[in-house]
Structure formats: C-alpha cells, structure tokens
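Each chain, letter by letter, is given below.
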Amino acid sequence: MNRLKTLVAASVTMLAVLPAQAAETVTLWDFFVGGDGVRMKALLSDFNKEHPNIKIEATSLEWGVPFYTKVRTAAAVGQGPDVMSYHLSRLPLALTEKVLTEVTPDDLAAAGVKKEDFFENAVEAASDSGKLYAVPFDIHSVVLYYNKRYLEGTEFLDANGKLTGITDLASFEKALATAKEKGSATPLTYATGDDGGVYRVFYTLLAQQGGELITDGTQVLSSDNEAKAVKAVETMTRWHEQGWQPEQALYPASVALFTSGQSAFSINGVWEVPTMKDLQASGRLGFEWGAVEVPNLMGKQATWADSHAFAIPVQGEKTMTPEKRKAVMTFIGWMEKNSVRWAEAGHIPAYKPVAESADYKKMEPNATYAKLAETAVYDPRSKIAGVASPVYDAAVNIISPSIHGYMPAADAVAQMKSDLQNLLK
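None of these values were measured; they are calculated from a predicted model.

Undergrad: Lay out the overall build of the protein chain with the relevant residues and their values.
TA: Regarding its fold elements, the protein chain presents 17 helices and 16 strands. Its C-alpha atoms give the protein chain a radius of gyration of 25 Å, near enough to 22 Å, the size a compact globule of 425 residues would have. Of all 425 residues assigned to the protein chain, the portion counted as buried reaches 55%. Within the protein chain, residue pairs in contact and separated by at least 24 positions form 76% of the contacts whose partners lie at least 6 positions apart.

Undergrad: Could you give me a rundown of the confidence of the model for the protein chain, with the residues and numbers involved?
TA: Averaged over all residues, the pLDDT of the protein chain equals 93, while 95% of them reach at least 70. The low-confidence segment residues 1-20 (pLDDT under 50) makes 0 contacts with residues lying over four places distant or belonging to another chain.

Undergrad: Report on the packing of helix α8 (residues 195-207) against helix α9 (residues 223-241), specifying residues and quantitative values.
TA: Contact geometry of α8 with α9 gives a least axis separation of 9 Å together with a crossing angle of 125°. In terms of their interaxial angle, α8 and α9 are classed as oblique. When the axes of α8 and α9 are compared, the crossing they make is right-handed. Residues Val198, Val201, Phe202, Leu205 and Leu206 of α8 form the contact with α9, whose participating residues are Asn225, Lys228, Ala229, Ala232, Val233, Thr235, Met236 and Trp239. For the contact of α8 with α9, a count of residues per class yields 10 nonpolar, 2 polar and 1 charged.

Undergrad: Mind laying out the side chain of lysine 228, listing which residues take part and the relevant values?
TA: Along the chain, the position of lysine 228 falls in helix α9. The contacts of lysine 228, once residues within four sequence positions are left out, are Leu206, Gln209, Gly210 and Gly211.

Undergrad: Tell me about the pattern of salt bridges, and please be specific about residues and values.
TA: Counted under the stated rule, the structure contains 13 salt bridges. Between glutamate 57 and lysine 55 there is a salt bridge, and its shortest N-O distance comes to 3.6 Å. Here glutamate 57 falls in the partly exposed class, since its relative accessible area comes to 36%.

Undergrad: Summarise the side chain of histidine 87; cite the residues concerned and give the values.
TA: Along the polypeptide, histidine 87 turns up in strand β3 (residues 83-87). Of note is the side chain of histidine 87, whose polar atom sits 3.5 Å from the side chain of tryptophan 63. The residues touching histidine 87, leaving out its near neighbours within four places in the chain, are Phe31, Trp63, Tyr68, His140, Asp306, Ser307, His308 and Val387.

Undergrad: An account of the sheet that holds strand β1 (residues 24-30) is needed here, citing residue identities and associated values.
TA: Ordered in space as β2-β1-β3-β14-β6, the 5 strands form an open sheet in which the pairing is mixed. Each edge of the open sheet is held by one strand with a lone partner, namely β2 (54-60) and β6 (135-136). Two strands pair when backbone bridges link them, and β1 and β2 are joined in this way by 7 bridges, in the parallel orientation. When the sheet's bridge partners are listed, aspartate 30 is paired in β2 with serine 60.

Undergrad: Break down the environment of threonine 101 for me, with residues and values.
TA: Mapped onto the elements, threonine 101 comes out in the loop between α4 (91-97) and α5 (105-111). Taking the C-alpha atoms as reference, threonine 101 lies 5.8 Å from valine 314; in sequence the two are 213 residues apart. Discounting chain neighbours no more than four positions away, the residues touching threonine 101 are Tyr133, Ile312, Pro313, Val314 and Arg325. A distance of 2.9 Å separates a polar side-chain atom of threonine 101 from the backbone oxygen of isoleucine 312.

Undergrad: Describe α9, naming the residues involved and giving the relevant values.
TA: Under the 1.5 Å per step criterion, the end-to-end length of α9 is 27 Å for 19 residues, consistent within 8% with the ideal 27 Å. Turning to α9, the residues buried within the fold contact α7 (169-181), β8 (188-189), α8, β9 (214-215), α16 (390-403) and α17 (409-423). Where α9 ends, the next residue or the one after it, glycine 243, has phi of about 75°, a positive value.

Undergrad: Go over the nonpolar core, please, and point to the residues and values.
TA: With 139 residues, the main nonpolar core has Ile139, Phe202, Leu213, Trp239, Phe265 and Phe331 as its most contacted residues. Ignoring sequence-local partners within four residues, the contact set of isoleucine 139 consists of Phe119, Ala122, Ala305, Asp306, Ser307, His347, Ile348, Ala350, Ala373, Ala376 and Tyr378.

Undergrad: Kindly report on the packing of α7 against α9, identifying the contributing residues and their values.
TA: It is at 12 Å that the axes of α7 and α9 come closest, and there the two elements cross at 20°. Classified by the angle their axes make, α7 and α9 are roughly parallel. α7 and α9 meet at a crossing whose hand is right-handed. Every residue of α9 that contacts α7 at Leu169, Phe172, Glu173 and Leu176 is listed here: Thr235, Arg238 and Trp239.

Undergrad: So what's going on with the pairing of β3? Which residues, and what values?
TA: Buried residues dominate β3, accounting for 5 of its 5 residues. Burial along β3 is two-sided: the face carrying Val83, Ser85 and His87 and the face carrying Met84 and Tyr86 are both buried. As paired strands, β1 and β3 are joined by 2 bridges and run parallel to one another. In the strand pairing of β3, tryptophan 29 is matched with methionine 84. Note: β3 against strand β14 (residues 308-311), 4 bridges, orientation antiparallel. Among the inter-strand pairings, methionine 84 is bridged to a residue of β14, identified as alanine 311.

Undergrad: For α17, give the residues involved together with the corresponding values.
TA: Taking 1.5 Å of rise per residue, 15 residues should cover 21 Å, and α17 covers 21 Å from first to last C-alpha, within 8% of that figure. Turning to α17, its buried residues are Ala409, Ala412, Val413, Met416 and Leu420. All buried residues of α17 lie within an arc of 95° about the axis, which places them on one face of the element.

About the cut-offs
- Residues numbered from 1 in each chain as written.
- Predicted model: local features only at pLDDT ≥ 70, side-chain atom pairs only at ≥ 80, totals over all residues.
- Heavy atoms only, no water.
- Helix = DSSP H or I, 4+ residues; strand = E, 2+ residues; numbered from the N terminus.
- Rg over C-alpha atoms; globule rule 2.2 N^0.38 Å.
- Buried < 20%, exposed > 50% of the residue type's maximum accessible area, 1.4 Å probe, protein only.
- Contact = heavy atoms within 4.5 Å.
- pLDDT = per-residue confidence, 0-100.
- Axes fitted to C-alpha atoms, helices over the stretch in contact; angles between N-to-C directions.
- Parallel < 35°, antiparallel > 145°, perpendicular 65-115°, else oblique.
- Left-handed = near helix turned anticlockwise from the far one by under 90°.
- Nonpolar A, V, L, I, M, F, W, Y, C, P; charged D, E, K, R; others polar.
- Salt bridge = Lys/Arg side-chain N within 4 Å of Asp/Glu carboxyl O.
- Polar contact = N/O pair within 3.5 Å; in protein donor to acceptor, adjacent residues only side chain to side chain.
- Pairing = 2+ DSSP bridges.
- Expected span 1.5 Å × (residues − 1).
- Core = buried A, V, L, I, M, F, W, Y, C linked by side-chain atoms within 4.5 Å.
- Arc of directions from axis to C-beta.

Listed below in structure tokens is the structure:
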C-alpha cells in the first residue's frame, strides 16, 4: 500500500511539472492604422481571450508598396507570416508573383464558412480559374456624403431629410449648382490632387458607362472604352471649370473641406464614416449629414470598390502544418462571424450572414449604402492595377493635370492608354 501511495504521489508530481499544452502561435501581418487599427487590435484581443490554444501575434506594417514588397520578399525566403491582410485588387499581381496559397474547400470548412456565404463580386475578385486565394473580409467603396444644410428647401432633400432627386448626371450637376447658390464654397470635394481620389472617381464614372479600363488583361482602353474614358475625364474637368470641386486637393484637405462645412457633397471612402460620427458626437461638426451609394450618373449603377481580405502566403519551400493551418482558418472564420464590429469603421461585411443581420441593418448610414455590394466594380484583373499600382500613378500624373486644364481630356486618355499598354508588353 505504501508503495502504491509513493507511485501515485510520484505520478502527480510529474504531471505537475509538465508544461501546459502549448498554444498554436499564428503570426499575422496587417496594414491597419488609425480607426481600422484600433478595431483590429480589439478583435484580436477578444479572439485570443476566447481561444486559449491559439495565440495571434500581430504586426502592423506600412500600407501600400512597402507592405506588398515585404510580403513578396518574405514569401521567397520563407520568412513571412502565417496569415495576412490583403487587398483583393492586388490579387492578380500576387498570383503573378506566386506569393499566395490556395484557400481550399476544406480550409473553408475548418473556418465554418462556405464560398456561397460571401458576396459574389468579392469572391470573384478573390478567385482565379475557379480557385479561391483569399477570404474577403469587407467591401469598401466610395460613397456620396452630403451636407443637409445646403439642400434644405430644395428638390434634393425629402421630408425625412434624405437625399433624393439625383438620378443622372444632369440632376447631380443641378444639385451642385444649387448648393453653390446657397453658399457652398466648394459644392463637391474629393482628393483632386491625389492618386486614390482621382482614380476612384474616374473609374466609377467609367464603370457607370459600362466601360473597362483593361480588357482581358491585355488591352488598355479599346476604342469604345477610350471614348468612355474621355467622357469621364471631361465630366471631372467640367466640375473644375464650374468651380464645383477643389484645386489640386490632397486627401486631408479634401476631407477638411467637407467636415468644415464648406462642401455640400463629398465622394470619399466609407472609411470616413467614423470621422463623421466622431465629429458629430463631440459637437464639432456643425451640420447634419448623410451618406448614400454614388448615384447612377452615367447610365449604369456601378461604384469602384475593393476588399480587405485574409490570405495565406507562400513560405518559401516550407509547408504549413495541418495544426497551424486549422488554427489560421479558425481565426479567419471567427473574424468573419464577428465582422459587424469591423463594420463600425464604415465597411460593408463581405460575409453575407453578417451583412444581412439585424445588428448590421441598424447601423447607419452603412445600411443605407450597403446595397452597393451587389454592384461594386473591382479594379481590372491585371498586374498593373490595384492599390499602389501604375493605374493609380496614371491617375495622379495624367488625369489630375487634365481635369485642372493642363491637357485636353482626349490627349490625357491617349497618353494614359499608351503608358499603361507599354507596361503590359
């Protein structure tokens, strides 16, 4: 009996000194700063609390070219993260560079989601030849913000204070002229001197004509599309000539024009919704506002859009263990199912069960413009398109000078076409 007690005691002692089951550590790289960064950190903290056997170690890196350059280098030498944030507009280039691994149906099953759970446009942007290479997290687009002060008593504000009566380009320009008459110094603001602001407005106007910037990944602005591009640039130029939009405004200035009450309208990303809400809550805004899907100005309902997504990079010659991959997909699935909190940043959840949930439908103005997820138009599927790409460079170097009167629209579009076509050779 004494010997048995001794053995039991020894066994208990050995168990006591054994380490607890180690958590599966998952490294994450993201590019989220500001309000997005705060929300992402809160989500990661909650995930780690709820999953003691999975530990997410996140690093936030500089957005744009530096991020994607680092990813490409890390993938080649096997020093990258286990999972990362990624813009779907960059997917074609990523596939060319061979930096992404396929997200298989088994992966999605491990995450507890299905491909059909996501908006079709986002899935298409995340796929190539029927294979999924990233899991869409949101849909972020430009929307039309409006200051109700300049629209009161006009045909453009209904009895409930909602924007109305803008059904085509002529009615939109009438609203701009009306706002100017009512004292708006710059009726329409967007970043006329920045690549993103110019490109997103140009691409939206092109897409609303049914136009394509790059066809089949090989042809930049075919003859029919070239004419539509010219019309888009001419439209933006007319807004400048009428004094409706700011002169060479960089992004911060374009935002300030609207938040300071000088502009009746602003075409900007959904990511500025938190800015508006915070200013309103603190009593520093000074006017009532709203935000809606960019109206159909050119004949077809369409809006430039992109998505943040989660992707699993190549790790050089190494292969991720099944245990690690399951942990990664568990993380992605949890983020999708909790993306209503990410939507507080103005984004539309790409995961339809959340986008269609009662909680999301209570969010305003998000719920008002959420329908644009069905008509969102992503960047061309090309290695020269997407954020921080040559098409954005062309927007600021060619289109922006044109809309400010330094080059005829037809000449600007011809130069853009030539420059971009040369990059595809």
